[in-house]
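Each chain, letter by letter, is given below.
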Amino acid sequence: MAKLELLPAVDVRDGQAVRLVHGESGTETSYGSPLQAALAWQSAGAEWLHLVDLDAAFGTGDNRELISEVARAMDIKVELSGGIRDDASLAAALATGATRVNIGTAAMEDPEWVAKIIAEHGDKIAVGLDVRGTTLRGRGWTRDGGDLWETLARLDSEGCARYVVTDIAKDGTLQGPNLQLLKDVCARTDRPVVASGGVSSLDDLRAIAELVPLGVEGSIVGKALYAKAFTLEEALEAVSR
Ligand SMILES: O=C(O)c1ccccc1NCC(=O)[C@H](O)[C@H](O)COP(=O)(O)O
């Protein structure tokens, strides 16, 4: 059976690595230098880094230079997220050398542009399906963006290569992933799914790994690593068999 990929997260706000609760601005816990965090995950054996520009996602500025510095310093694969909504921000994201970029808001607000970039860039484009219930949320998860299932069907028909699925109610809470949501998404698409939000324990990761045969390819892990619920080495070991 294919193993579950792990993507340790570095979410950047105002130049610092942070974690939010439910993705809400103002709930930040700071964890210092994003570059140091990213290098630590790489040294611990990560094959992927999930790197998020939260200011770009919220529209409160951006950390573009720092994000680029972090992405360029990595020898591992990078998934870049946050505020990629037009040609300029996409070009800047791809210029960092990121393996793939994650599109959120634009998938709801600018479907024609997203269809165009999917056609142009193939599996360098993933779409973030960030939901409360089955309602998508955009603009840093602050605004409703339509129905999950309608959007998934549209993106599938346009050839979207991969989805990053986040239950916002779980994100940053250490309350465990929404396994049912992941199963439901996998039942409606044959594209790989990356799980995000809520991982609290090695058992959570093992439970997500059970969904690999259904189409779950990877899991993002943020708060649990920063809170030292387990080490990345332990997590990689837990999903390696
Ligand atoms: O990814 C985004 O664009 C984003 C926008 C607004 C708020 C949060 C956003 N991302 C958060 C993440 O990707 C987290 O790193 C990830 O879900 C990890 O969650 P957890 O393991 O629960 O800390």
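Procedures and definitions
Residues numbered from 1 in each chain as written. Predicted model: local features only at pLDDT ≥ 70, side-chain atom pairs only at ≥ 80, totals over all residues. Heavy atoms only, no water. Helix = DSSP H or I, 4+ residues; strand = E, 2+ residues; numbered from the N terminus. Buried < 20%, exposed > 50% of the residue type's maximum accessible area, 1.4 Å probe, protein only. Lys, Arg positive; Asp, Glu negative; His and termini not counted. Salt bridge = Lys/Arg side-chain N within 4 Å of Asp/Glu carboxyl O. Contact = heavy atoms within 4.5 Å. Pairing = 2+ DSSP bridges. Right-handed = clockwise from strand over helix to strand, strands pointing away. pLDDT = per-residue confidence, 0-100.

Points about the side chain of Asp204
- Looking at where Asp204 falls in the secondary structure, it is placed in helix 9 (residues 202-209).
- Notably, Asp204 is buried but unbridged: the nearest opposite-charge side chain belongs to Lys170, and the N-O separation is 8.2 Å.
- Beyond its immediate stretch of four places on either side in the chain, Asp204 contacts Gly176, Pro177, Gly198 and Val199.

Re the environment of Gly198
- Turning to its location among the elements, Gly198 is positioned in the loop between strand 11 (193-196) and helix 9.
- Judged by its relative accessible area of 6%, Gly198 falls in the buried class.
- The spacing of Gly198 and Gln175 is 23 residues in sequence and 5.3 Å in space, taken between C-alpha atoms.
- Residues in contact with Gly198, not counting those within four places in the same chain, are Lys170, Asp171, Gly172, Leu174, Gln175, Gly176, Pro177 and Asp204.

Regarding the pairing of strand 10 (residues 163-167)
- Most of strand 10 sits inside the fold, with five of its five residues counted as buried.
- In strand 10, alternate side chains face the same way, and those of Tyr163, Val165 and Asp167 on one face and Val164 and Thr166 on the other are all buried.
- Relative to strand 11, strand 10 is paired through four bridges, and the arrangement is parallel. Bridge pairing in strand 11 places Val164 opposite Val194.
- At this point the chain moves from strand 10, through helix 8 (residues 179-188), to the parallel strand 11, and the crossover so formed is right-handed.

What to know about the confidence of the model for the protein
- Looking at the protein, pLDDT values average 96 and 99% of them are 70 or higher.
- Across the interfaces of the predicted complex, the ipTM metric reaches 0.95, alongside a pTM of 0.97.

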